[in-house]
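What follows is the residue order along each chain.
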Amino acid sequence: MEGINNLSEKEQLEFVTEEWDNIKYIINPSEALQITAVKNWGGAIEYIYNPSEAVQKAAVKNWGQSIHHIQNPSEAIQLVAVKKFWGSIQYIENPSEKVQLEALKWKE
């Protein structure tokens with residue numbers, strides 16, 4: 001798989017679009033490539049080292065539970081996750097009151 005990193009950005013994009021978990025084979029993928037992967041499946045964030053806030057947001061918008069793979073998510077990312085699926089709160093350490101209240105809205 002080492003030849004993957006010699007592909008052009010466009011070819012890498014096609015590779016990741018074909019199968020979201022192909023992101024794990026690309027060393028230092030661009031942010032655009034990372035976003036493509038997590039938009040296809042939020043869980044792809046597990047294979048991304050130090051994802052930006054934009055990548056984190058795209059991941060939890062796709063699949064709220066992907067917050068489980070994000071270290072120290074911001075309150076904004078936490079809110080997006082619980083808005084997508086209230087049960088995502090189980091993966092958030094010490095959620096703020098605002099995040100807790102947002103998760104409870106699902107129960108109303």
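That block above? That's the structure.
Residues numbered from 1 in each chain as written. Predicted model: local features only at pLDDT ≥ 70, side-chain atom pairs only at ≥ 80, totals over all residues. Heavy atoms only, no water.

**Some details on the overall build of the chain**
Selection rule: The secondary structure listing takes helices from DSSP runs of H or I that are at least 4 residues long and strands from runs of E that are at least 2 residues long, numbered from the N terminus. Buried means the residue's accessible area, taken with a 1.4 Å probe over protein chains only, is under 20% of the maximum for its type, while exposed means over 50%, and partly exposed covers the values in between. Throughout, a contact is declared for two residues whenever any of their heavy atoms are within 4.5 Å. A 1.4 Å probe and the Shrake-Rupley method give the accessible areas. Residues count as covered only by the protein chains that appear here. Lys and Arg are tallied as positive, Asp and Glu as negative. Neither His nor the chain termini are counted. The atom standing in for a charge is NZ when the residue is Lys, CZ when it is Arg, CG when it is Asp and CD when it is Glu.
For the chain, the helix and strand inventory stands at five helices and zero strands. Listed by position from the N terminus, the elements making up the chain come as α-α-α-α-α. Structurally, the chain occupies a C-alpha span of about 50 × 20 × 15 Å along its principal axes. Per-residue burial for the chain yields a buried fraction of 42% across its 108 residues. Taking the contacts inside the chain whose residues are at least 6 apart along the sequence as the reference set, 15% of them involve residues at least 24 apart. A total accessible area of about 6,700 Å² is found for the chain, and carbon and sulfur atoms account for 48% of it. Counting 10 positive and 15 negative side-chain charges, the chain places the centres of these two groups 10 Å from one another.

**Re the pattern of salt bridges**
A side chain of one charge can pair with a side chain of the opposite charge when the charged atoms of the two come close. Quick reminder of the rule: For this document, the term salt bridge refers to a Lys or Arg side-chain nitrogen within 4 Å of an Asp or Glu carboxyl oxygen.
Tallied over the full model, the rule gives two salt bridges. Linking lysine 24 and aspartate 21 is a salt bridge whose minimum nitrogen-to-oxygen distance equals 3.6 Å. For lysine 24, a relative accessible area of 36% puts it in the partly exposed group. The salt bridge partner of lysine 105 is glutamate 102, with a shortest N-O separation of 3.3 Å.

**Remarks on the environment of glycine 64**
Relative to the elements of secondary structure, glycine 64 occurs in the loop between helix H3 (53-62) and helix H4 (75-84). In contact with glycine 64, other than residues within four places in its own chain, are Ala81, Lys84 and Ser88.

**Section: the packing of aromatic side chains**
Filter applied, for reference: Working definition: a ring pair exists when centres of Phe, Tyr or Trp rings (six-membered ring for Trp) sit within 6.5 Å. Plane angles under 30 degrees give stacked, over 60 give edge-to-face, the rest tilted.
This structure, assessed with the given rule, holds four aromatic pairs. Here tryptophan 20 and tyrosine 47 contribute two aromatic rings whose centre-to-centre distance is 6.3 Å and whose plane-to-plane angle is 35°, an arrangement assigned as tilted. Taken together, the residues span a long stretch of sequence, with tryptophan 20 in the loop between helix H1 (9-18) and helix H2 (31-40) and tyrosine 47 in the loop between H2 and H3 at a distance of 27 residues. Geometrically, the ring pair formed by phenylalanine 85 and tryptophan 86 is tilted, given 5.9 Å between the ring centres and 45° between the ring planes. On the basis of relative accessible area, phenylalanine 85 is assigned to the partly exposed category, the value being 28%. Owing to a relative accessible area of 31%, tryptophan 86 belongs among the partly exposed residues under this scheme. Here the aromatic cluster, defined as three or more aromatic residues joined through ring pairs, consists of Trp20, Trp41, Tyr47 and Trp63.

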